[in-house]
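Listed below are the residues making up each chain.
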Amino acid sequence: MMGSSSSDSDRQRARNNGLAAISAITLGAGAAGLVGAVGMALTLPSSTSATNAGAAGVASNTFTFTTNDDSGDDSGSQLQTGTAPTTTTVPPVATSAAS
Amino acid sequence: MSATSILGRPTKTATSASLHSSAWNAIGTTVRIVVADATQLGSARAMLVDDLAALDAACSRFRADSELMRLEASAGKPTMVGPLLAGAIRAALRGAQLTQGDVDPTVGRAMEAIGYDRDFATVPAQGGALRVTVRHVPQWRQIVLDEAASLLTVPAGVRLDLGATVKAWAADRSAERIARALACGVLVSLGGDIAVAGDVPPGGWSIRVQDVAGDPSAPDDGPTSIIAIHHGGLATSSTSARRWQRGGDVMHHILDPRTGRPADGLWRTVSVAAGSALDANIASTAAIIRGLRSASWLARLGLPARLVTVDGNVTTVAGWPAEVSG
């Protein structure tokens, strides 16, 4: 059988870290509103971008993601990566969505 | 999946100068096949129809006569299984292992407890309040698959639900089989889990990505991205579809195995491109359940992804094209 490299307590710790990060973002968003949304810190991996669907152009980032909120989580490392999708102007032949 | 798995009239359309498609409903979802050679469309469609009929007979939890449901009579004893069910179980266990149990095939009873106990088309949209006991569901480590002996052991009382991974796994399998047999480029979409194989059309396979399924030629429905993939697979998991209410509470089909309740996270829709539709689906489903930490998780793994928050904000990671709106 397949094993696991992480205990339940490790996972719980990771979840608690995530909850703490959510709280921090909530507080951060409130504070940003109070001071005019100036200088909201962003910690994004170099390969990460963020857009806001309601804004024109590539919008400013709305969320903060920290690279250590899943510290100790080595899950998924065997998931097979492929080439990144590319932009296209060709009409789509299929839809990827929930159904 | 449904006993009457082939539903509706198939449509046959020329999707572009060089690509041709057929769409219909089966296994309780939308099915589409696209080929680069118009003369092969009929054969490709027939092969996929056969594949899905066999899949339904092996893996449906909504058919009392399916191989999956007949397993329950084994009451925890090792039972001989066919190669199709064995492959589907192996795919589900891969999902559980690689996500540390966030995608777990032993949620069948929990799924029934919240009302998803039949083909979704017949699940009542409204219903009375449910008495649901929150419990720690993951039991996937208790499943033993001895592939050499074709023996599967499932603990007594555990009901498997392969719905999280089986469509993507089947899309990979059929796309490869059809491309090899017909020697042409093939795209297979099963409920939005998409696998491509064979020759790549010029510019790649153009795919629209959004919350809820629709014909690719229909108007956009919510935040939408049109991208091209060249190899492997693309999957989208979303809480925007397969929703129902019990006692005023909204239910959906993506369960957190640690609570047995519908995942209640930051993201409503996550799309991932990967080396296979199966791995894309494992990652997209886990991302819905994991919530906030999913974006950094996917970025660290190098899995290109598009994540949509419950209020419609879009984030892209790991090389997924950034979206330009307005």
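Structure first, text after, so check above.
Treat the numbers as computed from the prediction; the structure is a model and nothing was measured.

Calculation rules
- Residues numbered from 1 in each chain as written.
- Chains lettered and ligands numbered in written order.
- Predicted model: local features only at pLDDT ≥ 70, side-chain atom pairs only at ≥ 80, totals over all residues.
- Heavy atoms only, no water.
- Helix = DSSP H or I, 4+ residues; strand = E, 2+ residues; numbered from the N terminus.
- Buried < 20%, exposed > 50% of the residue type's maximum accessible area, 1.4 Å probe, protein only.
- Areas by Shrake-Rupley, 256 points an atom, 1.4 Å probe, with all protein chains shown as cover.
- Core = buried A, V, L, I, M, F, W, Y, C linked by side-chain atoms within 4.5 Å.
- Contact = heavy atoms within 4.5 Å.
- Salt bridge = Lys/Arg side-chain N within 4 Å of Asp/Glu carboxyl O.
- Phe/Tyr/Trp six-rings, centres within 6.5 Å; stacked < 30°, edge-to-face > 60°.
- Lys NZ or Arg CZ within 6 Å of the ring centre and 35° of its normal.
- Axes fitted to C-alpha atoms, helices over the stretch in contact; angles between N-to-C directions.
- Parallel < 35°, antiparallel > 145°, perpendicular 65-115°, else oblique.

A.B. asks: Please set out the overall build of chain B residue by residue, giving values where relevant.
C.D. replies: On a plain count of helices and strands, chain B comes out with seven helices and 18 strands. Here chain B holds 326 residues, and 61% of them are scored as buried. Surface accessibility of chain B: about 11,600 Å² in total, with carbon and sulfur atoms responsible for 52%.

A.B. asks: So, the nonpolar core: which residues are in play, and what are the values?
C.D. replies: Formed by 79 residues in total, the largest nonpolar core has its most connected members in B:Ile33, B:Ile89, B:Leu162, B:Trp169 and B:Leu298. Each residue touching B:Ile89, except ones within four places of it in the same chain, is listed here: B:Ile143, B:Leu145, B:Leu152, B:Leu160 and B:Leu162.

A.B. asks: Now, about the pattern of salt bridges: what can you tell me, with residues and values included?
C.D. replies: Note on pairing: side chains with opposite charge can pair once their charged atoms come close. All names here are of chain B. Tallied over the full model, the rule gives eight salt bridges over all chains. Here arginine 61 and aspartate 161 are joined by a salt bridge, their closest N and O atoms 3.5 Å apart. Taken together, the residues arginine 61 in the loop between helix H1 (41–59) and helix H2 (67–70) and aspartate 161 in the loop between strand S6 (151–153) and helix H5 (166–182) connect sequence positions 100 residues apart. Take arginine 61 and aspartate 161: they sit in the same class, and that class is buried.

A.B. asks: Mind laying out helix H7 (residues 294–301) of chain B, listing which residues take part and the relevant values?
C.D. replies: Residues and elements named next belong to chain B. Across the eight residues that make up H7, a large majority, seven, are buried. Those residues of H7 lying buried are Ser294, Ala295, Ser296, Trp297, Leu298, Ala299 and Leu301. Two residues or fewer after H7 comes glycine 302, characterised by a positive phi angle close to 75°.

A.B. asks: Residues and numbers for unusual backbone geometry, please.
C.D. replies: All names here are of chain B. A positive phi angle, close to 40°, is found at isoleucine 27, a residue other than glycine. Unusually for a residue other than glycine, alanine 183 sits at a positive phi of about 55°. With respect to the secondary-structure elements, alanine 183 resides in the loop between H5 and strand S7 (186–190).

A.B. asks: So what's going on with the environment of B:Ala286? Residues and values would help.
C.D. replies: Residues and elements named next belong to chain B. Following the sequence through the fold, alanine 286 ends up in helix H6 (residues 277–290). Among the residues examined, alanine 286 registers a relative accessible area of 0% and is labelled buried. Residues alanine 286 and aspartate 104, 182 residues apart in the sequence, show an inter-C-alpha distance of 9.7 Å.

A.B. asks: Explain the packing of aromatic side chains residue by residue, including any values.
C.D. replies: In the structure shown here, the tally under the stated rule is zero aromatic pairs over all chains. We note B:Arg290 situated over the ring of B:Trp297; from NZ or CZ to the ring centre the distance is 4.2 Å.

A.B. asks: Outline the packing of H1(B) against helix H3 (residues 83–98) of chain B, listing residues and values.
C.D. replies: Residue and element names in this part refer to chain B. Remark: H1 packs on H3, axes separated minimally by 9 Å, with the N-to-C direction vectors making an angle of 75°. Looking at the two axes, H1 sits roughly perpendicular to H3. From H1, Ala54, Leu55, Ala58 and Cys59 reach across to H3, where they touch Leu84, Leu85 and Ala88.

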